[in-house]
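Notes for the structure review
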Amino acid sequence: MRERYEGFLVAGQQVALRLRLRERAGVRVRYGYRRLHVLLRREGWPVNHKPVYRLYRDERLQMRAKTPRRHKSCRVRQEIPPAKRINDCWAMDFIRPGKPAGNALIESFNGRLPAECLNENWFLSLDGARRKVEAWRRHYNEERPHGSLGNLAPGELVRSAQACPA
């Protein structure tokens, strides 16, 4: 019977997890419970996403709702010609004028940079802004879990690929 209940958190562990969750959510305001769950698992917390969600909800750590999209394009998207050589197409080649949805990868990043870095910091000088943006860039590439990479950071993915030669 003992093995069956080892996955559950006892009262003292729940308090510690609640405090750690609040601490992590205070540092990374734009992270939802799923990304915070990944960070907690990296720290060694053997916890499922369900208790993390329950504690996240109990602590009222919900992110604010995204602003609604107002004007959707009614134009039909044109077929993008494939690149014939290196540097033949750039990110801006994929984006219709005034319609940034042509390249979803760069637009995803362009949404995260202001939300997670620019809106969260107060810049008093250009040098201070450079330091804060560089610190965010390092965090984004070396620590931040990316859902499209199996909740690995890009740096972790590169290191794991180099460690396992094909």
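Since this is a predicted model, take the numbers as computed values, not measurements. (Residues numbered from 1 in each chain as written. Predicted model: local features only at pLDDT ≥ 70, side-chain atom pairs only at ≥ 80, totals over all residues. Heavy atoms only, no water.)

Moving on, we get to unusual backbone geometry. Although it is not a glycine, Arg60 adopts a positive phi angle of roughly 55°. Residue placement: Arg60 occurs in the loop between helix 3 (49-58) and helix 4 (91-94). For Asn151, which is not glycine, the phi torsion reads 60° and is therefore positive. The topology assignment puts Asn151 in the loop between helix 6 (126-142) and helix 7 (154-163). The partly exposed category is assigned to Asn151, whose relative accessible area is 35%. (Helix = DSSP H or I, 4+ residues; strand = E, 2+ residues; numbered from the N terminus. Buried < 20%, exposed > 50% of the residue type's maximum accessible area, 1.4 Å probe, protein only.)

Our focus in this paragraph is the confidence of the model for the protein chain. As a note on interpretation, predicted positions should not be read in detail where pLDDT is low. Looking at the protein chain, the pLDDT average stands at 79 and 71% of residues meet or exceed 70. Note on residues 1-6: pLDDT is under 50 here. Beyond four places in sequence and across chains, it has zero contacts. (pLDDT = per-residue confidence, 0-100. Contact = heavy atoms within 4.5 Å.)

Here the focus is the packing of helix 1 (residues 11-27) against helix 2 (residues 33-42). Here helix 1 crosses helix 2 at 120°, and the two axes come no closer than 11 Å. The hand of the helix 1/helix 2 crossing is right-handed. Together, Leu17, Arg20, Leu21, Arg24 and Ala25 of helix 1 and Leu36, Leu39 and Leu40 of helix 2 make up the contact between the two elements. Residues of the contact of helix 1 with helix 2, tallied by class, amount to six nonpolar, no polar and two charged. (Axes fitted to C-alpha atoms, helices over the stretch in contact; angles between N-to-C directions. Left-handed = near helix turned anticlockwise from the far one by under 90°. Nonpolar A, V, L, I, M, F, W, Y, C, P; charged D, E, K, R; others polar.)

Right, let's talk about the side chain of Glu59 for a bit. In this structure, Glu59 sits in the loop between helix 3 and helix 4. For Glu59, a relative accessible area of 18% translates into the label buried. In terms of polar contacts, Glu59 uses its side chain to reach the side chain of Arg18, at 2.6 Å. (Polar contact = N/O pair within 3.5 Å; in protein donor to acceptor, adjacent residues only side chain to side chain.)

Time to look at the nonpolar core. Taken as a class, soluble globular proteins show a tendency for nonpolar side chains to be buried jointly. Residues Leu17, Leu21, Leu36 and Leu40 are the most contacted members of the largest nonpolar core, which totals 13 residues. Mapped onto this core, the elements with two or more residues apiece are helix 1, helix 2 and helix 3. With four residues, the single largest contributor to this core is helix 2. (Core = buried A, V, L, I, M, F, W, Y, C linked by side-chain atoms within 4.5 Å.)

The subject of this paragraph is the side chain of His139. With respect to the secondary-structure elements, His139 resides in helix 6. Residue classification places His139 among the buried residues on the basis of a relative accessible area of 8%. Here Tyr31 takes part through its side chain, which lies 2.9 Å from a polar atom of the side chain of His139.

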